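A structural walkthrough
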Amino acid sequence: MNFRCLLVCTAIIGLASELASAQATIEGRVELPKTSAAPVMIKRYEIVTKGGVLAPKPPLAVVYLEGSFPKRNSAAETKIVQKDLNFVPALLPIQTGTRVSFPNLDDTYHNIFSFSPAKRFDLGRYQPDERPIPSVVFDTPGLVTLRCDIHEHMRALILVLDTPHFVMSDGEGHFRLSGLPAGRYTLKAWLTSKTTLERPVDLASGSTLRVNFP
């Protein structure tokens with residue numbers, strides 16, 4: 001019996017190793033907006049604004065692989081907290097169907113809402129000890145702008161993507177997407193609500209592709 005278990009375990013490990021080696025990787029760099037051209041930051045807050053275009057400070061990019069992928073079996077959950085009269089994080093990429101909760105960590109009321117076409121909602125005013133914690137399921141791809149009805153300076157963005165393969169760049173624009181299936185796809189780099197760059201990519205099993213934007 002122990003010998004059979006050993007054989008099964010060895011086979012499973014071998015299969016896992018084979019699948020891992022068959023997955024592709026994309027790495028590269030996105031040229032982020034220059035600091036001198038970035039919108040003016042509102043003092044004390046992470047969000048910057050200019051002409052209705054929002055971006056985190058410093059600017060970051062969301063890089064994602066667009067294509068036809070299997071639907072996931074279980075719903076994912078994540079959160080955006082309200083702390084020091086600010087949304088944290090200020091930019092959140094998620095996959096469609098993800099539930100986002102909005103814990104209030106401030107010693108005051110908040111009222112989170114959105115008028116964005118991808119998701120319209122209003123959670124109403126609630127205090128820090130509110131239970132259950134208000135949450136929303138984002139089931140339509142698109143950009144959702146969060147606001148607080150009480151604190152007008154508060155802004156955040158949720159980028160709802162119809163793909164499981166996405167990552168945020170670092171402050172220098174570097175990114176790495178791993179565990180990707182082989183095939184032909186479109187690689188996109190979201191910079192602001194008005195700027196998304198894209199490149200066609202052809203991924204081979206076990207390959208590492210270098211892609212830079214622009």
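Residues numbered from 1 in each chain as written. Predicted model: local features only at pLDDT ≥ 70, side-chain atom pairs only at ≥ 80, totals over all residues. Heavy atoms only, no water.

Along the chain, A182 turns up in the loop between β16 (174–180) and β17 (183–192). Of the residues examined, A182 reaches a relative accessible area of 39% and is grouped as partly exposed. Linking A182 and Q23, residues 159 residues apart in sequence, is a C-alpha distance of 6.8 Å. Setting aside residues no more than four positions away along its own chain, A182 makes contact with L203, A204 and S205. (Helix = DSSP H or I, 4+ residues; strand = E, 2+ residues; numbered from the N terminus. Buried < 20%, exposed > 50% of the residue type's maximum accessible area, 1.4 Å probe, protein only. Contact = heavy atoms within 4.5 Å.)

This next bit is on the sheet that holds strand β14 (residues 155–161). The strand order across the open sheet built from five strands is β8-β14-β13-β10-β11, with neighbouring strands paired in mixed fashion. Each having just a single partner strand, β8 (91–95) and β11 (119–126) make up the two edges of the open sheet. Across the sheet, the axes of successive neighbouring strands diverge by a mean angle of 25°, strand direction being ignored. Bridge count between strand β10 (residues 110–116) and strand β13 (residues 142–148): two bridges; the pairing is antiparallel. Bridge pairing in β13 places I112 opposite C148. (Pairing = 2+ DSSP bridges. Axes fitted to C-alpha atoms, helices over the stretch in contact; angles between N-to-C directions.)

Turning our attention to the sheet that holds strand β19 (residues 208–213). Pairing is mixed across the open sheet formed by three strands, whose spatial order is β16-β1-β19. Every other strand in the sheet has two partners, leaving β16 and β19 as the edge strands with one partner each. The average undirected angle you get between the axes of adjacent strands in this sheet is 20°. Pairing of strand β1 (residues 24–30) with β16 involves five bridges; the strand directions are antiparallel. Looking at the pairing, R29 lines up with H174 of β16.

Okay, the packing of aromatic side chains next. Within this structure, the stated rule accounts for four aromatic pairs. Relative to F115, the ring of F113 lies with its centre 5.1 Å away and its plane at 55°, an arrangement referred to as tilted. The class of F113 is buried, set by a relative accessible area of 11%. Ring centres 6.0 Å apart and planes at 85° place the aromatic pair F121 and F138 in the edge-to-face group. Highlighted residues: F121 in strand β11 and F138 in strand β12 (residues 135–138), separated in sequence by 17 residues. This pair shows no difference in class: F121 is buried, exactly as F138 is. Taken together through their ring pairs, the aromatic side chains of F102, F121 and F138 make up a single cluster. (Phe/Tyr/Trp six-rings, centres within 6.5 Å; stacked < 30°, edge-to-face > 60°.)

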